[in-house]
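Per-entry structural report
For reference, the chains in residue letters:
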Amino acid sequence: MPEFGGDIATYLPSILVLMFTGAVAGLLAGLLGVGGGIVIVPVLFNLFGVLHLPQEWAMHVAVATSLATIIPTSIMSMRAHWKKGNVDVDLLKVWAVWAFVGATIGTILAGQFKSWMLTAIFAVVASLVAINMASRDGLKVADKLPESKVKNGIMSFFIGGFSVTMGIGGGTLTVPTLSAFNYPIHRAVGTAAALGLPIAIPGVIGFAIAGWGVEDRPPLSIGFINIIGFLLIFPLSSLMAPYGAAIAHKLNRVWLRRAFALFLGVTAVRMFLRLYEVFT
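A brief structural summary.

Here we come to the packing of aromatic side chains. One pass over the full model with this rule turns up 5 aromatic pairs. A centroid spacing of 5.3 Å and a plane angle of 35° characterise the contact between W57 and F224, whose relative ring orientation is tilted. One end of the pair, W57, is in helix α3 (residues 55-83); the other, F224, is in the loop between β1 (221-222) and β2 (225-226), and 167 residues separate them in sequence. With relative accessibility at 18%, the residue W57 sits in the buried group. Of the residues examined, F224 reaches a relative accessible area of 1% and is grouped as buried. Centroid distance F207 to F224: 6.4 Å. Interplanar angle 70°. Geometry classified as edge-to-face. Of this pair, F207 sits in helix α8 (residues 185-210) while F224 sits in the loop between β1 and β2; the two residues are 17 residues apart in sequence, bridging distant segments of the chain. We note that F207, like F224, is buried. Within the aromatic cluster, the residues linked to one another by ring pairs are W57, F207 and F224.

Pasting the structure below:
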């Protein structure tokens with residue numbers, strides 16, 4: 001493991017950044033159903049660079065730690081949306097199972113990927129979703145979701161697989177996918193928040209196992225999951241999620257889509273810049 005010298009004052013800026021990130025991630029989790037990972041992953045990735053963590057594992061640790069924070073945040077966000085009747089239980093029964101399977105397979109593959117591969121997946125998928133959500137109505141596939149459980153299972157399977165490699169709770173892909181089938185945006189956000197659990201749980205377990213015994217991880221890590229980052233992020237993240245859900249209930253559909261696209265777009269650009277630095 002890398003050694004970090006100096007007293008607590010040396011790391012105070014990093015501590016404050018992580019706590020602020022947790023607060024913002026919680027708001028986004030409730031507001032957009034994204035589980036906060038869309039903010040946490042790039043912040044952790046950049047912070048690990050400042051702390052001189054080897055780039056070989058930086059993205060793995062960022063993704064794994066983000067998934068760990070998503071578990072409590074998703075629970076808080078889901079409870080808030082549940083009270084407002086914005087969680088589709090019938091849809092969740094089908095999607096959760098296949099999202100779990102997809103996340104499990106995705107975690108196994110991600111453990112074998114190089115850091116730049118995870119970064120590339122994050123940047124590309126986030127860009128595509130941002131472009132889609134930036135348009136007024138986004139991509140439209142049909143007037144309603146297919147009735148076939150197989151088709152629904154296939155969609156949630158890929159959502160789970162890609163989400164876990166990005167360190168996100170699923171809302172980044174779930175919300176625009178449901179919107180493409182003319183699904184109510186507020187209900188999509190609430191259901192996406194609940195879907196974060198079956199995606200994050202296998203991801204956390206898988207990354208903990210994959211990173212076990214790997215050298216050059218940050219201190220106090222379980223596999224690829226950094227406990228310090230988790231403890232600094234999740235309290236404020238969980239605390240702020242209900243407030244985000246309350247705001248989401250009051251916003252209209254157009255502004256909710258624009259907010260979603262803005263955060264995704266900014267994040268994607270930053271990740272592409274990091275990829276450029278790697279190959280130049």
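Membership of the largest hydrophobic core comes to 74 residues, with the highest contact counts inside it found for M59, L67, W95, F122, L145 and L195. Sort the elements by how many residues they give to this core and α8 lands first, with 11 residues. Discounting chain neighbours no more than four positions away, the residues touching L145 are L91, W95, N152, M155, L178, F181 and Y183.

On to the packing of helix α5 (residues 115-134) against helix α6 (residues 149-166), then. α6 packs onto α5 with a crossing angle of 120° between their chain directions and a minimal axis gap of 8 Å. The orientation of α5 with respect to α6, classified from their angle, is oblique. For the pair α5 and α6, the sense of crossing is left-handed. Here L118, I121, F122, V125 and A126 of α5 come into contact with α6, specifically with F162, T165 and M166. Taken together, the residues that form the contact of α5 with α6 break down as 7 nonpolar, 1 polar and no charged.

With that settled, the discussion passes to the side chain of D88. Counting through the fold element by element, D88 comes out in the loop between α3 and α4 (89-110). Among the polar contacts listed, one links the side chain of D88 to the backbone nitrogen of D90, at a separation of 3.3 Å. For D88, the side chain forms a polar contact with the main-chain nitrogen of L91, separated by 3.1 Å.

Glancing now at the pattern of salt bridges. For the coordinates displayed, the defined rule picks out 2 salt bridges. E147 is paired through a salt bridge with K144; the nearest N and O atoms lie 3.5 Å apart. Residue class for K144 comes out exposed when judged on its relative accessible area of 54%.

The next point concerns the side chain of S115. With respect to the secondary-structure elements, S115 resides in helix α5. A relative accessible area of 7% means that S115 is categorised as buried. A polar contact is formed between the side chain of S115 and the backbone nitrogen of M59, at a distance of 3.2 Å. If we ignore the near neighbours within four places in the chain, the residues touching S115 are F45, Q55, E56, A58, M59 and H60.

Let's shift gears to unusual backbone geometry. The backbone phi angle of N182 is positive, close to 60°, even though this residue is not glycine. For N182, the position within the fold is in the loop between α7 (171-180) and α8. Owing to a relative accessible area of 46%, N182 belongs among the partly exposed residues under this scheme.

So, how was this worked out
- Residues numbered from 1 in each chain as written.
- Predicted model: local features only at pLDDT ≥ 70, side-chain atom pairs only at ≥ 80, totals over all residues.
- Heavy atoms only, no water.
- Phe/Tyr/Trp six-rings, centres within 6.5 Å; stacked < 30°, edge-to-face > 60°.
- Helix = DSSP H or I, 4+ residues; strand = E, 2+ residues; numbered from the N terminus.
- Buried < 20%, exposed > 50% of the residue type's maximum accessible area, 1.4 Å probe, protein only.
- Core = buried A, V, L, I, M, F, W, Y, C linked by side-chain atoms within 4.5 Å.
- Contact = heavy atoms within 4.5 Å.
- Axes fitted to C-alpha atoms, helices over the stretch in contact; angles between N-to-C directions.
- Parallel < 35°, antiparallel > 145°, perpendicular 65-115°, else oblique.
- Left-handed = near helix turned anticlockwise from the far one by under 90°.
- Nonpolar A, V, L, I, M, F, W, Y, C, P; charged D, E, K, R; others polar.
- Polar contact = N/O pair within 3.5 Å; in protein donor to acceptor, adjacent residues only side chain to side chain.
- Salt bridge = Lys/Arg side-chain N within 4 Å of Asp/Glu carboxyl O.

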